Amino acid sequence: MKKMFGKRLREIRTAKMLTQETVAELIGIKPENYSRIENGLSFPKPENIVKLSEVLGVEIAELFQFSHINDYDKILESIIEKLRTDKDATVITYKFLKSLGKL
């Protein structure tokens, strides 16, 4: 849950083109604590969840909408785009799949 929340938080923050430092300052916590939240190492206090929704301009419920993470078509599209545009990622992915016996 912490990891999914952190990932969702990062998605919303980057879409709003805000830095971790800016969000941390606006909700009144240290940047390193905010980073821990986005990295799924800790979970914000309830009062900070309210502040996050206000700062990011979203409803609290939107912070917990994780269903997009499991959308197969979006995942596949993202992977294909990454492989198409990043030679190093393609090579690493190939080696990884080969080591698993999937290729």
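Residues numbered from 1 in each chain as written. Predicted model: local features only at pLDDT ≥ 70, side-chain atom pairs only at ≥ 80, totals over all residues. Heavy atoms only, no water.

An unreviewed UniProt entry annotates the chain as Helix-turn-helix transcriptional regulator of Candidatus Scatousia excrementipullorum.

### What to know about the packing of aromatic side chains
Threshold: We call Phe, Tyr and Trp rings a pair once their centres come within 6.5 Å, taking the six-membered ring for Trp, and we label the pair stacked below 30 degrees between planes, edge-to-face above 60, and tilted otherwise.
Inspection of every chain in the model, using the stated rule, returns three aromatic pairs. Three or more aromatic residues joined by ring pairs make a cluster, and in this case those are Phe5, Phe43 and Phe64.

### Comments concerning the pattern of salt bridges
Close approach of charged atoms allows side chains with opposite charge to pair. Defined as follows: In what follows, salt bridge is the name for a side-chain nitrogen of Lys or Arg lying within 4 Å of a carboxyl oxygen of Asp or Glu. Only DSSP runs of H or I covering at least 4 residues are called helices, and only runs of E covering at least 2 are called strands; the numbering of each starts at the N terminus. Only protein chains enter the accessibility calculation, which uses a 1.4 Å probe. A residue is then buried if its area is under 20% of the maximum for its type, exposed if over 50%, and partly exposed in between.
Within the structure shown, the criterion is met by six salt bridges. Residue Arg8 pairs with Glu11 through a salt bridge whose shortest N-O separation is 3.4 Å. Of this pair, Arg8 and Glu11 both sit in helix H1 (residues 2-15), three residues apart, which is roughly one turn of that helix. A residue is classified by how much of its surface remains accessible, and Arg8, at 12% relative accessible area, is buried. A relative accessible area of 27% places Glu11 in the partly exposed class. Salt-bridge contacts for Glu38 lead to Arg10; the nearest nitrogen and oxygen are separated by 3.1 Å. Placement of the pair is Glu38 in helix H3 (residues 31-38) and Arg10 in helix H1, with a sequence separation of 28 residues. A relative accessible area of 2% places Glu38 in the buried class. By relative accessible area, Arg10 is classed as partly exposed at 30%. The network of salt bridges with shared partners includes Arg8, Glu11 and Glu62.

### Examining the UniProt feature "domain: HTH cro/C1-type" (unreviewed entry) in the chain
Rules: UniProt positions are given in the numbering used here, feature names are shortened, and annotations may be inferred rather than shown by experiment.
Sites flagged by UniProt as "domain: HTH cro/C1-type" (unreviewed entry) map to residues 9-63. Between the end C-alpha atoms of residues 9-63 there is a gap of 6 Å, over a span that is 69% helix and 0% strand.

### Side note on the packing of helix H2 (residues 20-27) against H3
Under the convention used in this document: Axis definition: a line fitted to C-alpha atoms, limited for helices to the stretch in contact. Angles are taken between N-to-C directions and run from 0 to 180 degrees. Every angle not falling under 35 degrees, over 145, or within 65 to 115 is termed oblique; those three ranges are roughly parallel, roughly antiparallel and roughly perpendicular. Crossings are sorted by hand: turned counterclockwise from the far helix by less than a right angle, the near helix makes the crossing left-handed, and turned clockwise it makes it right-handed. Working rule for contacts: check all heavy atoms of both residues, and any pair within 4.5 Å makes them a contact. Only Asp, Glu, Lys and Arg are considered charged in this grouping, and only Ala, Val, Leu, Ile, Met, Phe, Trp, Tyr, Cys and Pro are considered nonpolar; every other residue, Gly among them, is considered polar.
For the pair H2 and H3, the least separation of the axes is 8 Å and the interaxial angle reads 110°. When the axis of H2 is compared with that of H3, the two are roughly perpendicular. The two elements H2 and H3 meet at a crossing, and its hand is right-handed. Seen from H2, the contacting residues are Gln20, Glu21, Val23, Ala24 and Ile27; seen from H3, they are Pro31, Tyr34, Ser35 and Glu38. Per-class residue counts for the contact of H2 with H3 are five nonpolar, two polar and two charged.

### A look at a nonpolar patch on the surface
Filter applied, for reference: Note that patches include only residues with greater than 30% relative accessible area and no salt bridge, and the join distances are 9 Å for like charges and 5 Å for nonpolar side chains (Val, Leu, Ile, Met, Phe, Trp, Tyr). Note that accessible areas follow from Shrake-Rupley with a 1.4 Å probe, and for residues the cover is restricted to the protein chains shown.
On the surface, Met1, Met4 and Phe43 cluster together into a nonpolar patch covering about 290 Å² of accessible area. With respect to the element layout, Met4 can be found in helix H1. Given a relative accessible area of 34%, Met4 falls into the partly exposed group.

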